Amino acid sequence: MTSLPLPYADRDLVAAMRRALEERADAERAPQMQRYMKSEMPYHGVPSPAVKASCREVFAEHPLADYSAWRDTVLAMFRDASHREAWYCAVALAEYRKYRAHARRRESLALYEELVTGSAWWDVVDTVASHLLGPLHAEHPGWMAEQMRAWATDADIWKRRSAILSQLARKDEADLALLYDCIAPNMDDREFFIRKAIGWALRQVAWRDPDEVVRYVEAHRERLSPLSKREALKNVLKSGRIAAIP
């Protein structure tokens, strides 16, 4: 993906965010966080609650004027990141409540695509899928269904994982036909993060419709991986509704 220029980015906000993270840095915690996340990018060592508090402070002090400023500032923070916490702050700005209307515009999907493919790891990808793609789907269901079906067959595994997980937060409003269409082209994939996503997405459905998930798993028992089936039926098994995984 070609990186476009960002003429509307609020560089003062990006710099203030960087300073806030540096002020809260913990040199002892940083390498532990990096090892846990298996990250090539270093950490400042700022725990999640402190990252969120820093974001709230900086975002409140640097309001963004319009959609272009929001989009370009999110991307500038993401692209300029020297430490992984800055990625988390970029995602936090993307989903910040004050800019909810911006986040739900169709053209924002290109921004989310860059966050997904650029980070290429579950910590950012799963937040984008659940907190950003999900609400965008709620706003534009037909259009997003078309986009997610395309993502589900993309060469990039993180776009495929995102498509599978994009309805996690939609609960009773989830489009099962879309979910199954996103799972189908990935059902034979041996990649751990794809198999895990399939199971996780089905498990969310099982909270409200366990019989449907049991039916689906039984219907595809030969193709679904053991990991996907185990994750999908975890809570169904605990409830005693079924005795064993098909």
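What counts and how
- Residues numbered from 1 in each chain as written.
- Predicted model: local features only at pLDDT ≥ 70, side-chain atom pairs only at ≥ 80, totals over all residues.
- Heavy atoms only, no water.
- 1 Å grid on protein atoms, 1.4 Å probe; cavity = no way out; pocket = protein on both sides within 12 Å on 5 of 7 lines; lining within 4 Å.
- Points joined across faces, edges and corners; volume = space filled by probe spheres on them.
- Helix = DSSP H or I, 4+ residues; strand = E, 2+ residues; numbered from the N terminus.
- Nonpolar A, V, L, I, M, F, W, Y, C, P; charged D, E, K, R; others polar.
- Axes fitted to C-alpha atoms, helices over the stretch in contact; angles between N-to-C directions.
- Parallel < 35°, antiparallel > 145°, perpendicular 65-115°, else oblique.
- Left-handed = near helix turned anticlockwise from the far one by under 90°.
- Contact = heavy atoms within 4.5 Å.
- Phe/Tyr/Trp six-rings, centres within 6.5 Å; stacked < 30°, edge-to-face > 60°.
- Buried < 20%, exposed > 50% of the residue type's maximum accessible area, 1.4 Å probe, protein only.
- Lys NZ or Arg CZ within 6 Å of the ring centre and 35° of its normal.
- Core = buried A, V, L, I, M, F, W, Y, C linked by side-chain atoms within 4.5 Å.
- Salt bridge = Lys/Arg side-chain N within 4 Å of Asp/Glu carboxyl O.
- Expected span 1.5 Å × (residues − 1).
- Arc of directions from axis to C-beta.
- Polar contact = N/O pair within 3.5 Å; in protein donor to acceptor, adjacent residues only side chain to side chain.

Participant: Sorry, what's going on with empty space enclosed by the protein here?
Facilitator: Think of a ball as big as a water molecule: rolled over the atoms, this probe shows where empty space is left. Summed over all chains, the structure comprises two cavities of 30 Å³ or more. The computed volume of the largest cavity comes to approximately 100 Å³. Val14, Met17, Arg18, Leu21, His44, Met77, Asp80, Ala81, Ser82, His83 and Ala86 are the residues that line the largest cavity. Looking at the lining of the largest cavity, the element that brings in the most residues is helix H1 (residues 11-23), giving four residues. Of the residues that constitute the lining of the largest cavity, the class distribution is six nonpolar, three polar and two charged. Here the second largest cavity defines a volume of roughly 90 Å³. Among the elements that line the lining of the second largest cavity, the one with the most residues is helix H12 (residues 192-208), at four residues. Along the lines of polarity and charge, the residues of the lining of the second largest cavity split into seven nonpolar, two polar and one charged.

Participant: Whenever I open this one, the packing of H1 against helix H5 (residues 84-94) confuses me. Can you help?
Facilitator: Packed helix pairs are characterised by how far apart their axes lie and by the angle those axes make with each other. At their nearest, the axes of H1 and H5 sit 11 Å apart, and the two run at 130 degrees to each other. Relative to H5, the element H1 is oriented oblique. The two elements H1 and H5 cross, and the hand of that crossing is right-handed. Across the interface between the two elements, Leu13, Met17 and Leu21 of H1 pack against Glu85, Ala86, Cys89 and Leu93 of H5. Counted by class, the contact of H1 with H5 contains six nonpolar, no polar and one charged residues.

Participant: Mind showing me how you'd approach the packing of aromatic side chains here?
Facilitator: Aromatic rings considered in pairs are described by the distance between their centres and by the relative angle of their planes. According to the stated counting rule, one finds ten aromatic pairs in the structure shown. Ring centres of Tyr43 and Tyr88 lie 6.3 Å apart, and the angle between their planes is 55 degrees; on these two criteria the pair is classed as tilted. Taken as a pair, Tyr43 in the loop between helix H2 (29-37) and helix H3 (48-61) and Tyr88 in helix H5 lie far apart in primary sequence, 45 residues in all. When its relative accessible area of 6% is taken as the criterion, Tyr43 is described as buried. By relative accessible area, which is 24% here, Tyr88 ends up partly exposed. Pairing Phe78 with Trp87 gives two aromatic rings, centres 5.0 Å apart and planes at 25 degrees, and the pair type is stacked. Taking NZ or CZ as reference, Arg105 lies 3.9 Å from the ring centre of Tyr67, over its face.

Participant: Explain the nonpolar core here, please?
Facilitator: The nonpolar side chains of a soluble globular protein tend to be buried, and buried together. Grouped together as the largest cluster of nonpolar side chains are 80 residues, with contacts concentrated most on Trp70 and Tyr112. Among all residues touching Trp70, those that are not within four sequence positions of it are Leu64, Leu93, Ala94, Tyr99, His102, Ala103, Ser108, Leu111 and Tyr112.

Participant: Before we go on, may I ask you to explain the layout of surface pockets in this structure?
Facilitator: Estimated volume of the largest pocket: approximately 770 Å³. Looking at the lining of the largest pocket, the elements that each hand over two or more residues are H2, H3, H5, helix H6 (100-103) and helix H8 (122-139). Grouping the constituent residues of the lining of the largest pocket by class yields 18 nonpolar, three polar and seven charged.

Participant: What should I look at first to understand the pattern of salt bridges in this one?
Facilitator: Side-chain pairing between opposite charges can occur once the charged atoms of the two side chains come close. What the rule picks out here adds up to 20 salt bridges. Its salt-bridge partner being Asp72, residue Arg71 comes within 2.9 Å of it at the nearest N-O pair. Looking at Arg71, the relative accessible area reads 25%, which means it is partly exposed. In this structure, the salt-bridge partner of Arg223 is Asp188, at a minimum N-O distance of 2.9 Å.

Participant: Hey, could you run me through unusual backbone geometry in this one?
Facilitator: With glycine set apart, most residues show a phi of negative sign, and most peptide bonds adopt trans. The backbone phi angle of Lys38 is positive, close to 50 degrees, even though this residue is not glycine. Considering the arrangement of structural elements, one finds Lys38 in the loop between H2 and H3.

Participant: Even after reading the chapter, I still don't get H1, so can you show me in this structure?
Facilitator: What sets the pattern is the α-helix's 3.6 residues per turn: residues three or four places apart point alike. With 13 residues, H1 should reach 18 Å at 1.5 Å per residue; the first-to-last C-alpha distance of 18 Å fits that figure. Where H1 is concerned, the buried positions are Leu13, Val14, Ala16, Met17, Ala20 and Leu21. Buried residues of H1 fall within an arc of 165 degrees about the axis and therefore sit on the same side. Facing away from the buried surface of H1 by more than 90 degrees, the exposed residues are Asp12 and Glu23. Contacts from the buried residues of H1 go to H3, helix H4 (67-79) and H5. Capping the start of H1 is the job of one residue whose side-chain oxygen sits 3.0 Å from the backbone nitrogen of Asp12: Asp10.

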